[in-house]
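Analysis of the macromolecular model
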Amino acid sequence: MTYNKKIRALLGIIGALVLLLAASYVFDSERSAARNSLYTWLDKKFIDQVDRIELGSPQLADSELSLVYRDGRWQAVLAGELFPAKEERVGDLLALLSRRANYPVRASSAASAERLGVSEGAAYIRLYGGANPAPLLELFIGGTDALGSEVYIRKSGAQEVRSGERSFVNYAESRRQSWYDLRLFQAEAALSVDQVQRAEIRYASDSGQAPMILARDNGTWTVNGRKVESAAVESYVRTIVSAEADDFVPSLKPSDPFFNQGTISLDTGDGGRRSLSLGPGLEDGKRGAGISDSPYVYALAEWTVGRLFRAREEFLPED
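Residues numbered from 1 in each chain as written. Predicted model: local features only at pLDDT ≥ 70, side-chain atom pairs only at ≥ 80, totals over all residues. Heavy atoms only, no water.

Focus on the overall build of the protein
- The helix and strand inventory of the protein stands at six helices and 20 strands.
- Counting the 319 residues in the protein, one finds 43% classified as buried.
- Sequence separation of at least 24 residues holds for 59% of the intrachain contacts in the protein that already meet a minimum separation of 6.
- Of the roughly 17,100 Å² of accessible surface on the protein, 52% is carried by carbon and sulfur atoms. (Helix = DSSP H or I, 4+ residues; strand = E, 2+ residues; numbered from the N terminus. Buried < 20%, exposed > 50% of the residue type's maximum accessible area, 1.4 Å probe, protein only. Contact = heavy atoms within 4.5 Å. Areas by Shrake-Rupley, 256 points an atom, 1.4 Å probe, with all protein chains shown as cover.)

Here it is as structure tokens:
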């Protein structure tokens, strides 16, 4: 091999090595960026320590809320009292915060935090555990990116601002009522339509309406002893069983004497009975209601009351 050919061969090898080195640097940088994007806000090992959650937005009315873990379940604090919270929703939030996912860094300066809406005073999610007054985790939730697909997030004490899925906003800025378990006949123990054998609806004494009794009869339904179109009654009973309130009323107790504006009683095949007692109107136009075996008073919208206390003429065939 001539000298010139050797030189060209060596130059070719050197060029190939340079290209290979450059490519490995680029790909390593991409892998490094991908690794930096994968992030978790709270290590899973701390999840069992969480016994209090605070969230909300100072700018949004009726959004700030405190949740506490008491007596083996999550409960919401309202006017200093505890009310049942949606266990599944709390579990979803904790799963989101402890899941390793793609949270790329978008900025890392105090000025950027202000501009992206994640400075002090933004919507927040705080997790506490035990007697330690400092939170296990405190996040500030800011505005969305240019495409509106992700939201900016900053961890308290950190300068870097990351972005993640919009569901963080749904947790931090939703109305407090969205965290309450407001099911009327499901909260204490599950109740299905098939379990209901008889329903008795009694109206307010000044309504002029006689009681309505719905009963199963060999696979069909009767209203005050008369056979009726069963699908309509079945749908009505399902409406009662699955009904939800709008809010809790901490200032009232089910034992208060004015829950006498109408009742709905459901008898089950095992001899059990559950009932709803309708109370007076509230200041916001809703109606108070108490449920048997429950210590809570619920606030019902008027349209919910109308769906529950249907007139018997809606089911009885025309004479």
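Thoughts on the layout of surface pockets
- Looking at the largest pocket, its volume works out to about 180 Å³.
- If you trace the largest pocket, you find 14 residues lining it, with R176, Q177, D247, D284 and K286 closest to the centre. (1 Å grid on protein atoms, 1.4 Å probe; cavity = no way out; pocket = protein on both sides within 12 Å on 5 of 7 lines; lining within 4 Å. Points joined across faces, edges and corners; volume = space filled by probe spheres on them.)

Quick notes on the pattern of salt bridges
- Under the definition given, this model contains 21 salt bridges.
- Measuring nitrogen to oxygen at the nearest pair gives 3.4 Å for the salt bridge that ties R198 to D267. Placement of the pair is R198 in strand β12 (residues 196-203) and D267 in strand β17 (residues 262-268), with a sequence separation of 69 residues.
- Its relative accessible area of 26% is what places R198 among the partly exposed residues.
- Close ionic contact of R287 with E302 constitutes a salt bridge, the shortest N to O distance being 3.8 Å. Within this pair, whereas R287 is found in strand β19 (residues 287-291), its partner E302 is found in helix α6 (residues 302-308), the two being separated by 15 residues in sequence. (Salt bridge = Lys/Arg side-chain N within 4 Å of Asp/Glu carboxyl O.)

Topic: the nonpolar core
- By size, the foremost hydrophobic cluster in this structure holds 71 residues, and its most contacted members are F168 and L276.
- Dropping the residues within four chain positions of it, L276 is found in contact with L184, F185, G262, T263, I264, A289, G290, I291, L300, L308 and F309. (Core = buried A, V, L, I, M, F, W, Y, C linked by side-chain atoms within 4.5 Å.)

Observations regarding the sheet that holds strand β15 (residues 226-227)
- Strand order in the open sheet made by the nine strands is β15-β14-β13-β12-β17-β18-β19-β20-β16, with antiparallel pairing throughout. Whereas interior strands pair on both sides, the edge strands pair on one side only; in this sheet they are β15 and β16 (247-248).
- Of the strand pairs in this sheet, strand β18 (residues 273-281) and β19 are connected by four bridges, and their pairing is antiparallel. In the sheet register, L278 faces β19, and the bridge partner there is A289.
- Across the sheet, helix α5 (residues 230-241) lies against β12, β13 (212-217), β14 (220-223) and β17, angled at about 80° from β14, the strand it touches most. (Pairing = 2+ DSSP bridges. Axes fitted to C-alpha atoms, helices over the stretch in contact; angles between N-to-C directions.)

Topic: the pairing of β19
- The buried fraction of β19 amounts to five of the five residues, a majority that puts the element mostly inside the structure.
- By the alternation rule, side chains of β19 split into R287, A289 and I291 and G288 and G290, which are all buried.
- Pairing of β19 with strand β20 (residues 297-300) involves four bridges; the strand directions are antiparallel. The partner of R287 across the bridge, within β20, is L300.

Details of helix α2 (residues 87-98)
- Here α2 contains twelve residues, and its C-alpha end-to-end distance of 17 Å stays within 8% of the 16 Å for a straight helix at 1.5 Å per residue.
- Regarding α2, the residues found buried are R89, V90, L93, L94, L96, L97 and S98. (Expected span 1.5 Å × (residues − 1).)

Some thoughts on the environment of E120
- Checked against the element boundaries, E120 lands in the loop between α3 (110-115) and β8 (123-128).
- For E120, a relative accessible area of 58% translates into the label exposed.
- On a C-alpha basis, the gap between E120 and S156 in space is 8.7 Å, while along the polypeptide they are 36 residues apart.
- In this view, E120 contacts F140 and R154; residues no more than four positions away in its chain are not counted.

Considerations on the packing of aromatic side chains
- Evaluation of the coordinates by the stated rule reveals 13 aromatic pairs.
- Ring geometry for F248 versus Y298: centroids 5.3 Å apart, planes at 40°, classification tilted. Of this pair, F248 sits in strand β16 while Y298 sits in strand β20, and the two are 50 residues apart along the sequence.
- Take F248: its relative accessible area is 4%, and that puts it in the buried class.
- Connected via pairs of aromatic rings, a cluster forms that spans F83, Y180, F248, Y296 and Y298.
- Positioned above the aromatic ring of W179, the side-chain terminus of R89 is 4.1 Å from the ring centre.
- Here the basic side chain of R126 rests over the ring of Y124, its NZ or CZ set 3.9 Å away from the ring centre. (Phe/Tyr/Trp six-rings, centres within 6.5 Å; stacked < 30°, edge-to-face > 60°. Lys NZ or Arg CZ within 6 Å of the ring centre and 35° of its normal.)

Some remarks on the sheet that holds strand β3 (residues 65-70)
- If you walk across this open sheet you meet the nine strands as β5-β4-β3-β2-β8-β9-β10-β11-β7, and the pairing is antiparallel. On the outer flanks of this sheet lie β5 (81-84) and β7 (105-107), each paired with one strand and no other. With direction set aside, neighbouring strand axes in the sheet form an average angle of 30°.

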